[in-house]
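As a plain string of letters, each chain reads:
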Amino acid sequence: MLLDPREHELAQDLADAGDRARSADPDARPNPNFAAALREELLASGKPALRFGWARTVRRLVPVVAGLVLLVAGIAAGRNLYLAVGDHATPTPHPTATPKPTPHPTATATADSSASVSPSPSPTPEPSGDPAPVPVPVPTPVPTPVLGSLSLVATGCPGGVVLDWSMYGGTAAFNHYTTLRNLTADIPLAYPPQGGAVDPGGTYTTVLAKSSAVDIGADPGVTSYYRAMAFDAANNVIAASSVASAVAQSVGSLGALAVAAGDPGMTQLTWSIFGGPGGCFTWYKLVYSETNPDPSYLGGDSYLAAVGNQAVGSYVSAALVSGHTYYLRVQVIRATDLGAFIVAQTDVATYLVP
Amino acid sequence: MVVAAAGTSRMDRDRERTLVDRARSDAAAFAELYDFYLPRIYGFVYRRLQDRSVAEDLTATTFQRALESVRRRSFRNDSFGGWLYRVAANAVVDHVRKTSRLTTLDETDRAPGDAFATSIEHDELRAAMGRLPWAHRQVLTLRFYDDLDADEAGALLGCSRGTFAVRLHRAITALRDVMAPEATDAA
């Protein structure tokens, strides 16, 4: 869209107003409980159950039907059960007699100072002191959790470190993954991080199948050590990887981007191919902007094309409009399940389309 | 959650297409699409109906249809987000049709359009929005209030991305023209 400065200013004012309006209305954001329940039901069966739409009406009728059943049963038994149902047929609350088991012993108590994974963490010892005065229902015995193992591969790239771990396949209640970084190989099995380890951010996910992420915070040229871990909802470690290391490098340069007129209406872009490892390459993104002199894919600028072949070094576009000036750049992007980063890029070319 | 550009609220189109392809057999892929689009679709519906319960029901219906469509391979994988908005908009129209005479997206979009105009703090801009033809206000509302991109808004309105971009350009130009006399008067 081609806007003059005044129009661009108006568009920005409208965008700001929209941002403010959306953020000022909390009711326009979904209730987290609703979001979680719908998510669970969709993923479990593909069909929302008795929580939404017409089914909610059915749910509301259930207590009434249950009351009628009780009434009929009471009459049949020669008892005035209708009195127990109440004047307004209020449904009897569901009994909650089942005692809740005590929490699982935590697996985080064992700090692993080596690069290997302890397979059998000790459960947290029982606290000493006076016995509880009130009898406690005997919970169902909980088996001692066994720490599962994950694999982890850390690949140092220009611009960051790619982290690939294996999906958790154990029987414990998976809640999320997080990978920790340290400058030494000592990364205890615990969260919050201990022993100098840090959470680099960007590796947390509650999606079991997501198993790759990027760390763009590692210092270039410095060896960083990583351990991937899976946690339950109480932040207990349920699986962990060995420690892997990698060295990130600075974002690479592909030099100048050559832009020239091709056939009528066409523009040809030519760049030096990325010579780094294939594990650091996902696409060339041919980004452009008419207004941003420093266009970037990660900055939200549009792109002419995504080229997935690392050996390709040119592209012909019909999208650029005659008479308009564009800022263009080719960026090498490495994408993972949880984020993408810039591996290398060309200089910005400014081009007036003839 | 989103393998999109950091610093932008858009899901990368390549990523979206990949997820839609995978979602046919991979629940985790659908979960990622759900996590990204749920707040947008819910907000879109809520802004039109101002009723949390109804918005939840219609949002659930929208994602249910999405899941079924993706699994049946009947979804044409161009703009999943745009398709979702279209389904949600139809659900809104269907709901409103049951309770009033309003029967089109244009009509049901007047409430959020008015709400958006009211929310603008800049007096001249707010007044100018109020004087725009409805078609222009609708385009501006979808783009800036609902935060739809050209693919999504185009799919919602049944036009191409390019056509929507042209409509948006015309709307902004019209807005500038409406405001210009005021600027002259003020000077």
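Residues numbered from 1 in each chain as written. Chains lettered and ligands numbered in written order. Predicted model: local features only at pLDDT ≥ 70, side-chain atom pairs only at ≥ 80, totals over all residues.

1. Points about the overall build of chain B
Then step 1. The helix and strand inventory of chain B stands at ten helices and zero strands.
Then step 2. In sequence order, chain B lays out its α and β elements as α-α-α-α-α-α-α-α-α-α.
Then step 3. A buried classification covers 47% of the 187 residues belonging to chain B.
Then step 4. Across chain B, every contact between residues at least 6 apart in sequence was considered, and the portion connecting residues at least 24 apart equals 60%. (Helix = DSSP H or I, 4+ residues; strand = E, 2+ residues; numbered from the N terminus. Buried ≥ 20, exposed ≤ 12 C-beta atoms within 10 Å, placed from the backbone. Contact = placed C-beta atoms within 7 Å.)

2. Regarding the interface of chain B and chain A
For an interface, size is often stated in terms of accessible area lost upon the parts coming together.
Then step 1. The interface of chain B with chain A comprises 46 residues on the first partner and 44 residues on the second.
Then step 2. Looking at the side of chain B that touches chain A, the elements with two or more residues in it are helix 2 (27–49), helix 3 (52–71), helix 6 (110–119), helix 8 (134–145) and helix 10 (161–186) of chain B.
Then step 3. Take the side of chain B that touches chain A: its biggest share by element is twelve residues, from helix 2 of chain B.
Then step 4. Taken together, the residues of the side of chain B that touches chain A break down into 25 nonpolar, nine polar and twelve charged. (Nonpolar A, V, L, I, M, F, W, Y, C, P; charged D, E, K, R; others polar.)

3. Concerning the sheet that holds strand 5 (residues 212–215) of chain A
Residues and elements named next belong to chain A.
Then step 1. Read across the open sheet, the three strands follow the order 2-3-5; overall the sheet is antiparallel. Where the open sheet ends on each side, the last strands, each with one partner, are strand 2 (152–157) and strand 5. Each adjacent strand pair in this sheet contributes to an overall mean axis angle of 20°, direction not counted.
Then step 2. Taken together, the four bridges between strand 3 (residues 160–165) and strand 5 define a ladder with antiparallel strand orientation. Bridge pairing in strand 5 links Val161 to Asp215. (Pairing = 2+ DSSP bridges. Axes fitted to C-alpha atoms, helices over the stretch in contact; angles between N-to-C directions.)

4. Some thoughts on the pairing of strand 11 (residues 267–270) of chain A
All names here are of chain A.
Then step 1. Here strand 11 shows a clear split, with Thr267 and Leu269 buried on one side and none of Gln268 and Thr270 buried on the other.
Then step 2. Looking at chain direction, strand 10 (residues 258–261) and strand 11 are connected through four bridges and run antiparallel. Its bridge partner being in strand 11, Ala260 is matched across the sheet by Gln268.
Then step 3. Connecting strand 10 to the next strand, strand 11, in antiparallel fashion are five residues, including Gly265 with a positive phi near 85°.
Then step 4. Where strand 11 meets strand 14 (residues 314–317), four bridges bridge the pair, whose relative direction is antiparallel. Residue pairing for strand 14: Leu269 is matched across the bridge by Tyr315.

5. Some points on the environment of Ala305 of chain A
Residues and elements named next belong to chain A.
Then step 1. Mapped onto the fold, Ala305 is located in strand 13 (residues 303–307).
Then step 2. Taking the C-alpha atoms as reference, Ala305 lies 8.3 Å from Tyr315; in sequence the two are ten residues apart.
Then step 3. Once you skip the residues sitting within four places of it in the chain, Ala305 turns out to touch Leu286, Tyr315 and Ser317.

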